[in-house]
Amino acid sequence: MGITDTISNTLSFLKLGESRKIFYNNPINNQLRQDVEHTYIKAYEYNEQELIEHEFASVQECARLKDSRYNVWLNIEGLKRDEIKFIAQTFGINDLVEEDISSIGHNAKMDTFENYIYCLVYMLSYNNNRFFIEQEQISIICGRKFVITFQEEHGKDAFGKLRLRLQNKDSKVRLNSIDFLFYELLDAIVDDYFYLMDKLSMRIETVEDEILNNLNKRSFAKIIFYRREMMILRRNIYPFRDIITVLMRNEDSFFNKRTLRYLKDVSDHINQAREMVENYRESISNIQDLYLNQENNKLSRSMKVTAIVTCLLAPATVIGGIFGMNFKYIPFLNNPYAFYIAIAFMLLIPVYMIYVFKKNGWF
Amino acid sequence: MGITDTISNTLSFLKLGESRKIFYNNPINNQLRQDVEHTYIKAYEYNEQELIEHEFASVQECARLKDSRYNVWLNIEGLKRDEIKFIAQTFGINDLVEEDISSIGHNAKMDTFENYIYCLVYMLSYNNNRFFIEQEQISIICGRKFVITFQEEHGKDAFGKLRLRLQNKDSKVRLNSIDFLFYELLDAIVDDYFYLMDKLSMRIETVEDEILNNLNKRSFAKIIFYRREMMILRRNIYPFRDIITVLMRNEDSFFNKRTLRYLKDVSDHINQAREMVENYRESISNIQDLYLNQENNKLSRSMKVTAIVTCLLAPATVIGGIFGMNFKYIPFLNNPYAFYIAIAFMLLIPVYMIYVFKKNGWF
Amino acid sequence: MGITDTISNTLSFLKLGESRKIFYNNPINNQLRQDVEHTYIKAYEYNEQELIEHEFASVQECARLKDSRYNVWLNIEGLKRDEIKFIAQTFGINDLVEEDISSIGHNAKMDTFENYIYCLVYMLSYNNNRFFIEQEQISIICGRKFVITFQEEHGKDAFGKLRLRLQNKDSKVRLNSIDFLFYELLDAIVDDYFYLMDKLSMRIETVEDEILNNLNKRSFAKIIFYRREMMILRRNIYPFRDIITVLMRNEDSFFNKRTLRYLKDVSDHINQAREMVENYRESISNIQDLYLNQENNKLSRSMKVTAIVTCLLAPATVIGGIFGMNFKYIPFLNNPYAFYIAIAFMLLIPVYMIYVFKKNGWF
Amino acid sequence: MGITDTISNTLSFLKLGESRKIFYNNPINNQLRQDVEHTYIKAYEYNEQELIEHEFASVQECARLKDSRYNVWLNIEGLKRDEIKFIAQTFGINDLVEEDISSIGHNAKMDTFENYIYCLVYMLSYNNNRFFIEQEQISIICGRKFVITFQEEHGKDAFGKLRLRLQNKDSKVRLNSIDFLFYELLDAIVDDYFYLMDKLSMRIETVEDEILNNLNKRSFAKIIFYRREMMILRRNIYPFRDIITVLMRNEDSFFNKRTLRYLKDVSDHINQAREMVENYRESISNIQDLYLNQENNKLSRSMKVTAIVTCLLAPATVIGGIFGMNFKYIPFLNNPYAFYIAIAFMLLIPVYMIYVFKKNGWF
Amino acid sequence: MGITDTISNTLSFLKLGESRKIFYNNPINNQLRQDVEHTYIKAYEYNEQELIEHEFASVQECARLKDSRYNVWLNIEGLKRDEIKFIAQTFGINDLVEEDISSIGHNAKMDTFENYIYCLVYMLSYNNNRFFIEQEQISIICGRKFVITFQEEHGKDAFGKLRLRLQNKDSKVRLNSIDFLFYELLDAIVDDYFYLMDKLSMRIETVEDEILNNLNKRSFAKIIFYRREMMILRRNIYPFRDIITVLMRNEDSFFNKRTLRYLKDVSDHINQAREMVENYRESISNIQDLYLNQENNKLSRSMKVTAIVTCLLAPATVIGGIFGMNFKYIPFLNNPYAFYIAIAFMLLIPVYMIYVFKKNGWF
Ligand SMILES: [Mg+2]
Ligand SMILES: [Mg+2]
Ligand SMILES: [Mg+2]
Ligand SMILES: [Mg+2]
Ligand SMILES: [Mg+2]
Ligand SMILES: [Mg+2]
Ligand SMILES: [Mg+2]
Ligand SMILES: [Mg+2]
Ligand SMILES: [Mg+2]
Ligand SMILES: [Mg+2]
Ligand SMILES: [Mg+2]
Ligand SMILES: [Mg+2]
Ligand SMILES: [Mg+2]
Ligand SMILES: [Mg+2]
Ligand SMILES: [Mg+2]
Ligand SMILES: [Mg+2]
Ligand SMILES: [Mg+2]
Ligand SMILES: [Mg+2]
Ligand SMILES: [Mg+2]
Ligand SMILES: [Mg+2]
Ligand SMILES: [Mg+2]
Ligand SMILES: [Mg+2]
Ligand SMILES: [Mg+2]
Ligand SMILES: [Mg+2]
Ligand SMILES: [Mg+2]
Ligand SMILES: [Mg+2]
Ligand SMILES: [Mg+2]
Ligand SMILES: [Mg+2]
Ligand SMILES: [Mg+2]
Ligand SMILES: [Mg+2]
Ligand SMILES: [Mg+2]
């Protein structure tokens, strides 16, 4: 990672203000959610033997999935209010959930209904060009025979590997009931948190190296920037943990016992993520202290230079001033050694001064 | 937002002391509550089919609402002790509630009685002229068939949109029982918190930009000012959350199951508000660190300038002093190159000094 | 509040060490409690119809109150170990309570016994002459038909208004059983906390103004002083809250249901007091930050002055030094414009230096 | 307390490192516990009527106390592994307890067994010569008819007054069962904590006075030192509190109801101790802030002196330099008032500079 | 510990980045776990009478241990995925456990299954050459009749003393059931934490001494470094404590009552470790404060030197400048005492200045 990169990073942060999104998580702005122009609708019907993939042009085509004899995963990328409403009505989803799906900046949350669980969480990824965390809201509805996922944006999600496993007849997701697919989705999202943290940890180390090597003046702004990124991570990890904790209580027995063991594994991971974030935060705080101490040392050295040079300068100034005066009667003026004696004093006095100051521990 | 604005903001804070209100939330001052001259009394009687609006000249006229066969919302703007007493006696409200309604600066609170719930909360709005948070106390009494609201001031409240919905025959508030109206009131108050935070977040960003661009000297006072505003927000959000939590337990079954789902939605929002405030606080603390670091850098640079110039100056002073003395016998005085050699030393020595200091990492 | 006042305030704090009392809350010093010379014993016998006031010369005279058919409030001001023992034995009070009554600096506390409740709390008042919080220990014993209060000192307490209400036949305290008197005592003590906080908040604002206007050098000592006062407040408010919480559980049913509602009101107030203290603490911490930032700015400006003047000075010193040397062969000496050129350099070089430094953001 | 004392205090801390003991509370070092050369074994057999004191030469002689018909207090000062083992086997004490008795630096703890309670706590005292807290580990085993105490060292403990009370036929300890003796031991240990805190509080005030009066340069080291002492206090008080809390639950009914009231009294005291320590910590932190602010002020003043003197100096240097040059053609040189005008400028310019800087709030 | 050591320590930290491992505890990197080339497999079959030691060339040979009539301890050093899978299948271990065993950087954790307990913890040791904490992951599976341990690395573990005790027929581990072996393993790991803390505490003291004696410039970097080491310790100690707490609940009765007492002993130790770490952290924070204060003092002294020397210098510069001017008419030039008077002023004025500044408390 070159210096140019890190500078452009800082600049992007300073100029483009991407990270300021944190200021706009405002539920009253629901009405501001713009419908996307086009949504991408895909569905998987699967059981142990078969897997059928669909690509739908309109949500109306999804209606018949409701009564499928397979396990169904319906994935919709891009949000249109009408489509959400249609799906909600078809699958019997509460209108408050409908509202949450199209909300902006909602905290990660979970609600349990009689026939389904609703989860709103965020997929996090690292924007490698502009060096900040990107959040994509995802809503997951897990019914008794179907899972529906609504993604904010098309083109990127955390489920690539899962789709491959779905193709594989012997994968656990095929051999288990629909709750296992739900687990797999959560697991994939959490896994991505770790990829993200990996990236961030490398960048934090880069800042640390820059500070240790005194390379770059914007280090402090970067430290502040990473403190903010950590804030975003925490905002996602902590409520996610609460969600998993509630899910594991399994009060409405959505999960069979085997899947619960796997949920415990996600729980372990999210706990680890939480601790890593706390470690990063402490690291960043250490780095900040290191930086501030270094700055302080520089200050201290400037002062010391000034003090020493002032001492060195002093006697010469004084003696030079004295014997440079134009009085008529000045002693020693005619003394042939006077010049050399004056020079000697000019040299010895500062040496003595510094000696005294040093002895008294003043430097 | 121009600089003039932000300056006048700061000045208003410094001079007018509006934000100091925080010091006067003093329950012993109950007797200080001045009766307003005129109160504005409006009532709505409604059910699924009908909506009847009333404007009353005196509280006495409200008495008959007690036995209305409609759902009743009685809204009183401006507080007069006699009127509060009359209403309390008419509707069978405890005298401690009466006292709370006319109290000043009470914490947000809730009490459950046999036949009604009492809530005291604050409506917050942002004063766009003088740049600070305005609080208006509101008391809400929710009985089995009526809701009574007492507002501190006339002319502004959070319920504009709700009144429009009331006109609409198909709105949920019309189709549901009185507890839904109670939910709508709380929801409207919380929604306003978000409008307020939106405003504040923009102003915090303005300060941040000012600091990053080094524009304004009063930045620190503003940071402190926003820390105080956040304090006010927290003081309202945290007890509000406690109120909602208790309401959701629904121990006295004031709410039907459907309304509880909506209360959960308010709860989600208030949780989000809480988290946003914590984020803002962390942002403000980041901005403060940024500011302090910048100030420190400036200090550091001043010292460095002093140190460097002192070094540059030193040899010229010394050499000039030496050969400016009026001794009779000074070597080299008659040497035709002496002047140039002296000049050379005057130039070379500081260069060497700075080189040595730099090499030793002293600058 | 004039400057003279605030200075004398600070000085009283610095010299007289009143606030240091905090260091002497030492239970092992029980034996150090000196008996007062004279105690003031007053009693009230009352019911709905009658009120009989007594002033007793000796505790022995109180004995017969034990079997009074009235509600009894016995108030003793000034502590004598023998008298406490006599009262304890007469009314059947445990010897550990006896010890607590005569203790010094005990934390606020409550103990429940079979036939009575024992509370030790502090009345707080603000000493307007010497500007600090005064604490007076008070022990309250609430039995089934009597309340006994032991005050540390005579001449001042929180119960003035309560005595007036007792005279009033229609006051709630007369119409209710003895537990209501107990509530009234606690309420009066808490009310005084608010009077005190009012005083303190004004003084904190005074310090804030002094800092904003740069008036006074001892500001920091005052900030520290108010931090301590807040510590005293917290030490009293937090355990008081615990006491109220335990009382409200009403495990031994000392309180009838109606009084419990009133206890809830005290609880609201003490919660508010708690929050106000936390707000003051945050305010003080803000003020401290403001002060430190101001100090830092002053420092910064001194350095900048030094740096700028050093720059302005530098070329004149150097050029003056050069052409003040007494070498025989110095160029330009005879040049008629040389002087003006030298002056020009003396002026231009510092301007250029400052320009360069400014451009590079060094000032 | 003279300055000499406080200096020697600091030096003892800096040189002898007594306080560093805190680093060696290491349970794996059990094997490092050296047997003392001689142990001092005393026992008391007592009931309401009689008190028999024993001094034993060897532990073997204690064996018969096991079946004494009196209450027995066996006190052993100095630890020998063999003796501990003998006592443990005689009185039926678990080998893990045996290990704990001879452990070093164990946290204060309590274990309940079927027939006895085991407590490990620390007696704290203040070393008046070398100014630091001394800890002595004490193990207390409280059986149904006996109490055994193992002290780490001979010659000093907290039980002097208790021994006197034991002599007194009418003292509570004689009139009650063995659990009351156990209470008395704990109470005596806690009482000593207060003596210690008294000493510490005086020393903290001394440091405060030194700082306020600017007397001593090692103040900061002392502040740090007292922060450490507070750490030691906390390490003992907090687990002690947990022990008392568990004891008061009285799950195995070791205590009769009357003794429980007294335990509550110890609990009150330990709570007070806890709060005092927190107050001291806050005081120390205040003092530290005060000190740092003072240091900062000194720094600020040095800078201001430099800035002002530099200003005063500047014009004289410049003007003197200008008219001290040896150019042939210098205007005004022959003007008879030129000298006075130059002097005037030398005086007026710095006055003006300081005026301008002051007006702009730069000083 | 010489300075060279501590420098090389710091350098190793700065250059080799060993301690940065903390950034790589990433569960998604499971696939990165490289199989070791060779694993070392040892087993012990034992009961009260017999002890049989095995060294196996391949895991297949372990299969028959499953049905051993002895207690079995199977210890595998070095991780190969195939071998883990084989063991897991042979002993009926869940595949999630299998995954955890081969994970990297997992938090310490515990899972209870029907027939066994699974623990993942870390053995910590101090690398004496490169001065940092080394972590080795260890998985412990405790069944009804067997214990299996998987170590990350061969050649070093915490169980040396335990192996010796196993040889000893009369040792508790031989006399008890398999749960006691499990306790012994945990105990041995915790004991090593104390050895480690011993080392660290010595090194922290070294840094403290360096700071007090002003020896070394990299002190701050070291302080930061030890703060990190403490972070590693905490990361292991806190979850370990949670594990022990859950084990002690003994919900599946894996432990007999006697072993539970011993687990309580481990619990005591881990609590002590926890507290020691908190103490170290506070110590480090104290040391950091001490260091920063010292640095500040140095800065302060430099400024004071500059201020004093500037004062001393000032009058000589001014007076010298004045009478060094070449005006024709300068008063006193011909006065024979003028020179001495000038010198006198040069001496007296700075003395007076310093006197004035000192009196006003400016130095
Ligand atoms: Mg921003
Ligand atoms: Mg939103
Ligand atoms: Mg997507
Ligand atoms: Mg996975
Ligand atoms: Mg995973
Ligand atoms: Mg796992
Ligand atoms: Mg104010
Ligand atoms: Mg209004
Ligand atoms: Mg709404
Ligand atoms: Mg809403
Ligand atoms: Mg919602
Ligand atoms: Mg004091
Ligand atoms: Mg007190
Ligand atoms: Mg009184
Ligand atoms: Mg009150
Ligand atoms: Mg009242
Ligand atoms: Mg009230
Ligand atoms: Mg600061
Ligand atoms: Mg030490
Ligand atoms: Mg110890
Ligand atoms: Mg002893
Ligand atoms: Mg006692
Ligand atoms: Mg005591
Ligand atoms: Mg007591
Ligand atoms: Mg690193
Ligand atoms: Mg690891
Ligand atoms: Mg190993
Ligand atoms: Mg062991
Ligand atoms: Mg151990
Ligand atoms: Mg033990
Ligand atoms: Mg500083």
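Residues numbered from 1 in each chain as written. Chains lettered and ligands numbered in written order. Predicted model: local features only at pLDDT ≥ 70, side-chain atom pairs only at ≥ 80, totals over all residues. Heavy atoms only, no water.

- Going by the annotation in an unreviewed UniProt entry, the name recorded for chain A is Magnesium transport protein CorA, with Haoranjiania flava given as the source organism.
- Turning to chain A, the UniProt annotation filed under Function (unreviewed entry) states: "Mediates influx of magnesium ions."
- Of the comments in the UniProt record for chain A, the one headed Sequence similarities (unreviewed entry) reads "Belongs to the CorA metal ion transporter (MIT) (TC 1.A.35) family." (UniProt positions renumbered as here; feature names shortened; annotations may be inferred.)

A word on the relation of the copies chain E and chain A
Reasoning step 1: By a simple turn and slide, chain E fits onto chain A: the slide is 0.0 Å along the axis, the RMSD is 0.1 Å, and the turn is 72°. These values place the two chain copies in the arrangement generated by a five-fold rotation axis. Within chain E, Gly-324 of chain E has its C-alpha nearest the rotation axis, a separation of 4.8 Å.
Reasoning step 2: Counting the interface residues of chain E, we find that no more than 15% of their copies in chain A are interface residues as well, pointing to two distinct contact surfaces. (Least-squares fit on C-alpha atoms with pLDDT ≥ 70 in both. Contact = heavy atoms within 4.5 Å.)

Some remarks on the UniProt feature "coiled-coil region" (unreviewed entry) in chain A
Reasoning step 1: The feature "coiled-coil region" (unreviewed entry), as annotated in UniProt, sits at residues 263-297 of chain A in this numbering.
Reasoning step 2: Between the C-alpha atoms that bound residues 263-297 of chain A there is a distance of 51 Å. The span itself is 100% helix and 0% strand. (Helix = DSSP H or I, 4+ residues; strand = E, 2+ residues; numbered from the N terminus.)

Re the coordination of the magnesium ion (ligand 10)
Residues and elements named next belong to chain B.
Reasoning step 1: Taken together, Asp-187 (OD), Asp-191 (OD) and His-269 (ND1) make up the full set of protein donors to the magnesium ion (ligand 10), lying 2.1 to 2.8 Å away.
Reasoning step 2: Metal-to-metal, the separation of the magnesium ion (ligand 10) and the magnesium ion (ligand 9) is 3.8 Å; Asp-187 coordinates the two. With Asp-187 in helix 6 (residues 178-212) and His-269 in helix 8 (residues 257-323), this residue pair connects regions lying 82 residues apart in the sequence. You'll find Asp-187 and His-269 in the same group, each marked buried. (Donors = N, O, S within 2.8 Å, 3.2 Å for Na, K, Ca; no water. Buried < 20%, exposed > 50% of the residue type's maximum accessible area, 1.4 Å probe, protein only.)

Digging into the packing of aromatic side chains
Reasoning step 1: Within this structure, the stated rule accounts for 75 aromatic pairs over all chains.
Reasoning step 2: With a centroid separation of 5.4 Å and an interplanar angle of 35°, the aromatic rings of Phe-220 of chain C and Tyr-291 of chain C are classed as tilted. Here the residue Phe-220 of chain C occupies a position in helix 7 (residues 219-249), and Tyr-291 of chain C occupies one in helix 8 (residues 257-323), the gap between them amounting to 71 residues.
Reasoning step 3: Measuring from centroid to centroid gives 5.1 Å for Phe-180 of chain D and Tyr-262 of chain D, while their planes differ by 75°, and the two rings are edge-to-face. Separated by 82 residues along the polypeptide, Phe-180 of chain D in helix 6 (residues 178-212) and Tyr-262 of chain D in helix 8 (residues 257-323) bring together distant segments of the chain. (Phe/Tyr/Trp six-rings, centres within 6.5 Å; stacked < 30°, edge-to-face > 60°.)

As for unusual backbone geometry
Reasoning step 1: With phi around 50°, Asn-250 of chain A is a residue other than glycine that occupies positive phi space.
Reasoning step 2: Tracing the chain through its elements places Asn-250 of chain A in the loop between helix 7 (219-249) and helix 8 (257-323).
Reasoning step 3: Although it is not a glycine, Ser-253 of chain B sits at a positive phi angle of roughly 45°.
Reasoning step 4: Structurally, Ser-253 of chain B is set in the loop between helix 7 (219-249) and helix 8.
Reasoning step 5: Look at Ser-253 of chain B and you get exposed, because its relative accessible area is 52%.

With respect to the sheet that holds strand 2 (residues 51-56) of chain B
Residues and elements named next belong to chain B.
Reasoning step 1: Strand order across the open sheet formed by 7 strands is 2-1-3-7-6-5-4, with mixed pairing between neighbours. Taken across any chain shown, the strands that pair with only one partner, and hence form the sheet edges, are strand 2 and strand 4 (109-112). Going from strand to strand, the sheet's axes swing by 20° on average, the running direction of each strand aside.
Reasoning step 2: In this structure, strand 3 (residues 71-77) lies alongside strand 7 (residues 146-151), joined through 6 bridges in parallel fashion. Across the sheet, Val-72 pairs through a bridge with Phe-146, a residue of strand 7.
Reasoning step 3: Here helix 6 sits on the sheet in contact with strand 1 (40-46), strand 3, strand 5 (117-127), strand 6 (132-142) and strand 7, set at roughly 30° to strand 5. (Pairing = 2+ DSSP bridges. Axes fitted to C-alpha atoms, helices over the stretch in contact; angles between N-to-C directions.)

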